[in-house]
Amino acid sequence: MKKQKQECFNPFDLLSEEIIFIILDFLNHSSLDKKSFSLVCKSFYATESKHRRALKPLRQEHLPSILCRYPTITHLDLTLCSRLTDTSLSIITNACASRLRSIDFSRTRLFSTSRLLALALNCNSLVEIDLSNGTELKDSAMAAVAQAKNLEKLWLARCKSITDMGVGCVAVGCRKLKFICLKWCLGVGDLGVGLIAVKCNNIHHLDLSYLPITDKCLSSILKLQHLEELVLEGCFGIDDDSLASLKHGCKSLKILDVSTCQNISHNGLSSLISGAEGLQQLTLAHGSPVTSSLADCLKKLSMLQSLKLDGCLIIYDGLKTIGNWCVSLRELSLSKCSGVTDEGLSSVVTKHKDLRKLDITCCRKITDVSIAHITNSCKFMTSLRMESCALVSREAFILIGKLCHSLEELDLTDNEIDDEGLKYISRCSKLSTLKLGICLNITDVGLIHISRGCSKLVELDLYRSAEITDWGILAIAQGCPGLEMINIAYCNDITDRSLLSLSKCTQLKTLESRGCSLITSLGLTAIAVGCKELTKLDVKKCHNIDDAGMLSLAHFSQNLRQINLSQSSVTDIGLLSLASISCLQNTTILHLKGLTPSGLAAALLACGVLTKVKLQAGFRWLLPHRLIEHLEARGCMFQWRDKVLQVEVDPKCWKLQLEYPMP
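Only a predicted model underlies this, so the values are computations on that prediction, with no experimental measurement involved.

Rules of the game
Residues numbered from 1 in each chain as written. Predicted model: local features only at pLDDT ≥ 70, side-chain atom pairs only at ≥ 80, totals over all residues. Heavy atoms only, no water. Helix = DSSP H or I, 4+ residues; strand = E, 2+ residues; numbered from the N terminus. Buried < 20%, exposed > 50% of the residue type's maximum accessible area, 1.4 Å probe, protein only. Contact = heavy atoms within 4.5 Å. Phe/Tyr/Trp six-rings, centres within 6.5 Å; stacked < 30°, edge-to-face > 60°. Lys NZ or Arg CZ within 6 Å of the ring centre and 35° of its normal. Axes fitted to C-alpha atoms, helices over the stretch in contact; angles between N-to-C directions. Parallel < 35°, antiparallel > 145°, perpendicular 65-115°, else oblique. Left-handed = near helix turned anticlockwise from the far one by under 90°. Nonpolar A, V, L, I, M, F, W, Y, C, P; charged D, E, K, R; others polar. Arc of directions from axis to C-beta. 1 Å grid on protein atoms, 1.4 Å probe; cavity = no way out; pocket = protein on both sides within 12 Å on 5 of 7 lines; lining within 4 Å. Points joined across faces, edges and corners; volume = space filled by probe spheres on them. Core = buried A, V, L, I, M, F, W, Y, C linked by side-chain atoms within 4.5 Å. Patch = residues over 30% accessible without salt bridge, like charges linked within 9 Å, V, L, I, M, F, W, Y side chains within 5 Å. Areas by Shrake-Rupley, 256 points an atom, 1.4 Å probe, with all protein chains shown as cover. Salt bridge = Lys/Arg side-chain N within 4 Å of Asp/Glu carboxyl O. Disulfide = S-S within 2.5 Å. Pairing = 2+ DSSP bridges. Right-handed = clockwise from strand over helix to strand, strands pointing away.

(A) Geometry of the overall build of the protein. Looking only at helices and strands, the protein has 27 helices and 24 strands in total. Projected onto its principal axes, the C-alpha coordinates of the protein cover approximately 95 × 65 × 65 Å. With 663 residues in all, the protein has 53% of them scored as buried. Once local pairs closer than 6 in sequence are excluded, the contacts in the protein between residues at least 24 apart make up 73%.

(B) Expanded view of the packing of aromatic side chains. For the structure on display, the rule yields five aromatic pairs. Relative to phenylalanine 111, the ring of phenylalanine 105 lies with its centre 4.8 Å away and its plane at 45°, an arrangement referred to as tilted. On the basis of relative accessible area, phenylalanine 105 is assigned to the buried category, the value being 1%. One Lys or Arg, lysine 153, reaches over the ring of phenylalanine 179 and ends 5.9 Å from the middle of that ring. Its guanidinium or amino end placed over the ring of tryptophan 184, lysine 160 lies 5.8 Å from that ring's centre, counting from NZ or CZ.

(C) Up close: the environment of serine 106. With respect to the helices, strands and loops of the structure, serine 106 is situated in the loop between strand E3 (102-104) and helix H6 (113-122). A relative accessible area of 10% places serine 106 in the buried class. Spatially, the C-alpha atom of serine 106 lies 22 Å from that of arginine 52, the residues being 54 residues apart in sequence. Once you skip the residues sitting within four places of it in the chain, serine 106 turns out to touch Thr79, Asp130, Ser132 and Asn133.

(D) Seen up close, the side chain of serine 370. With respect to the secondary-structure elements, serine 370 resides in helix H16 (residues 368-377). Contact partners of serine 370, with chain neighbours within four places excluded, come to Thr341, Asp342, Leu345 and Ser346.

(E) Inspection of unusual backbone geometry at higher detail. Within the chain, tryptophan 184 stands out as a residue other than glycine whose phi angle is a positive 65°. According to the relative accessible area criterion, tryptophan 184 is partly exposed, its value standing at 30%. The phi torsion at tyrosine 490 lies on the positive side, around 60°, for a residue other than glycine. Structurally, tyrosine 490 can be placed in the loop between strand E18 (485-487) and helix H21 (496-502).

(F) Spotlight on the packing of helix H14 (residues 316-323) against helix H15 (residues 342-349). In contact at an axis separation of 7 Å, H14 and H15 are set at 15° when each is read in the N-to-C sense. Between H14 and H15, the interaxial angle falls into the category roughly parallel. Considering only the axes of H14 and H15, their crossing is left-handed. Seen from H14, the contacting residues are Tyr316, Leu319, Lys320, Ile322 and Gly323; seen from H15, they are Glu343, Gly344, Leu345, Ser347 and Val348. Its residues placed into classes, the contact of H14 with H15 shows five nonpolar, three polar and two charged.

(G) Layout of the environment of valine 613. By secondary structure assignment, the location of valine 613 is in strand E23 (residues 612-616). Through-space distance from the C-alpha of valine 613 to that of alanine 579 is 14 Å; in sequence the pair is 34 residues apart. If we skip the residues at most four places from it in the chain, valine 613 touches Thr587, Leu604, Cys636, Met637, Phe638 and Gln639.

(H) Spotlight on helix H26 (residues 625-633). Leu627, Ile628 and Leu631 are the residues of H26 that are buried. Buried residues in H26, looked at end-on, bunch into an arc of 100°, giving them a common side. Relative to its buried face, H26 has exposed residues pointing more than 90 degrees away, namely His625 and Arg626. Just downstream of H26 lies glycine 635, where phi reads positive at about 110°.

(I) Seen up close, the layout of surface pockets. Considering only enclosed or pocket space, the second largest pocket measures out at about 640 Å³ in volume. Along the walls of the second largest pocket sit 22 residues, with Thr79, Arg107, Thr611, Lys612 and Met637 positioned nearest its centre. Class assignment for the residues of the lining of the second largest pocket results in two nonpolar, 14 polar and six charged.

(J) Structural view of the nonpolar core. By size, the foremost hydrophobic cluster in this structure holds 191 residues, and its most contacted members are Ile92, Phe105 and Leu298. Among the nonpolar cores identified, the runner-up in size contains six residues, and Ile20, Phe37, Cys41 and Phe44 belong to it.

(K) View of a nonpolar patch on the surface. Taken together, the side chains of Leu15, Ile19 and Ile23 make up a nonpolar region of the molecular surface, amounting to roughly 200 Å² of accessible area. Position of leucine 15 relative to the elements: it lies in the segment before helix H1 (17-25). Residue class for leucine 15 comes out partly exposed when judged on its relative accessible area of 31%.

(L) Representation of the state of the cysteines in the model. Tallied over the full model, the rule gives zero disulfides. This cysteine, cysteine 312, is not joined by any disulfide, and cysteine 337 carries the nearest cysteine sulfur, 5.6 Å off. For cysteine 312, a relative accessible area of 1% puts it in the buried group. The structure places no disulfide on cysteine 362, whose sulfur is separated from the nearest cysteine sulfur, that of cysteine 389, by 7.5 Å.

(M) How the structure looks around the pairing of E23. By the bridge criterion, four bridges tie strand E22 (residues 586-589) to E23 in an arrangement that is parallel. Residue pairing for E23: asparagine 586 is matched across the bridge by lysine 612. In the classification by handedness, the crossover that spans E22, the intervening helix H25 (residues 597-606) and the parallel E23 is right-handed. Relative to strand E24 (residues 637-641), E23 runs parallel, the two sharing five bridges. Considered in E24, the bridge of lysine 612 is made with methionine 637. In this region the chain leaves E23, passes through H26 and returns to the parallel neighbour E24; the handedness of that crossover is right-handed.

(N) Just empty space enclosed by the protein, in detail. Scanning the model with the defined rule gives two cavities of 30 Å³ or more in all. Looking at the lining of the largest cavity, its residues break down into eight nonpolar, four polar and no charged. Its boundaries defined by the atoms lining it, the second largest cavity holds a volume of some 50 Å³. Along the walls of the second largest cavity sit Leu575, Leu578, Leu584, Thr587, Ile589, Ala603, Leu604, Cys607 and Leu610, which together make up its complete lining. Each residue belonging to the lining of the second largest cavity can be placed in one class, and the counts come to eight nonpolar, one polar and no charged.

As structure tokens, then:
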């Protein structure tokens, strides 16, 4: 009697497609998780194909297969494809005609205007196009874009060849436009911007940074009834005289950026913001001095929450006037502002107690007095950046840890904090970003405190903090398992033990270990095996990193996109092995003694998706000219460097050189 063949029961088949979609929604942060999920069974594989809406292909050759695999794609990011032929764009147009809503060409080139026109005509659902950095795009390309009648968002940053005529075509054809970025479009002036303002009445966001515009188009812009964000950064043609003629401001405006507009004083600003009582964010960075007159003209902005004054000269009366406002700021940025003193800063923070973000980077005149007022007044602050505040003593950092428990971001780069300060900082249990670069007084003891109290840490910067050793890194790796970025550059006592510890941080994406001369390929292998999501690696001046480390990266680190191998011991063999990393786009290869012209040529040819390579200038004449032309046509940009090798100095001497430069 024949035995009947029993069918294998798959319990996953009992799950409905809706339930699987809900599960996949929770996996959106990790592509590796989704890939593993889809390999569970055939039904999961099919369902994951239907669920995916966004796609970021590595190279154009994959487009036919992946668009067939994922038939419901609505958002296509082509930034990893440095070149895109007409054939590939035709495939996209035909495969996604009815459902494509967003496409990003911002790092892509080589496709023709006719194919762009076909995309605009056939993809009726298209609402977002990013053509930033398209320096070769002409007005004819804008005429093609104008056929996308349902377009709502358009990025054209650094498209320097388009003119008023091209922008005019967009204005006439894309009446539903709500967002347009024209930053650094130097051929666009008052006429083109004026046409956008007149024809596209639904504009919400308008970025005109560094355009040669004058007051001629401003009146039309300020009449836009739905305009919420206006960026006029670096518009040098706008001054007080031109703004004085404005009869009214824009009532709907919520965000205004007039940074680097040094011809606009408080008089012009007063005209510009007239009627904009709903303004919530104002950026005046690198502009006119902050005087009491300027601060007075901002008093009427009762909804203002964010004020950015980076790089401005601060007059005491100006800060004092800001402190006396009835409005309560939630963000204040004074980065690299000269003239900030304890008296002025204290007058602001004691009145604006709802501050959540404060940036006092390089405010070199403030002392413990300011820190005391900040910590006592702004106890719910989430972000404090105070790099290079040299007059702040060690005791002040204890106050930060005692009183500011809501901090999520803390930048203490180049300060006098010590282990006792870190002991109290560790009470800030919500910290996700901590920067301790060039903090020469901290040791492993301080890092152990951080590891015990700040388990949510995602980013840690220890650049040139010379007293840190393996024990401190071990504590961080054990206490902060969600770490995604760590900078241990020039921490000279770091060895492979640190890398072995960090290999347990499976979410690590960025490792900066430049100048760590004691680490070897053994430690790098551990990172490659344990940290599958690694995307950026810097092993410059790691002289014991050789081909063995590269072979491990080639086998395990398939998500690696950027690597710096300068002054390591990698040779032709190691460099060629990296060609198997399908994501690798950016490499820096300077002063490699074991590298030959023929080995370099073979490696460059084999790495199919390279977009940026830094090489010693001497190789420019040793590599075949046709090879360089071929790689450039493929989308690779070369940067030739002629820097000589420099002897590394002691970190403390290096810091003294920064503080007291030679005449």
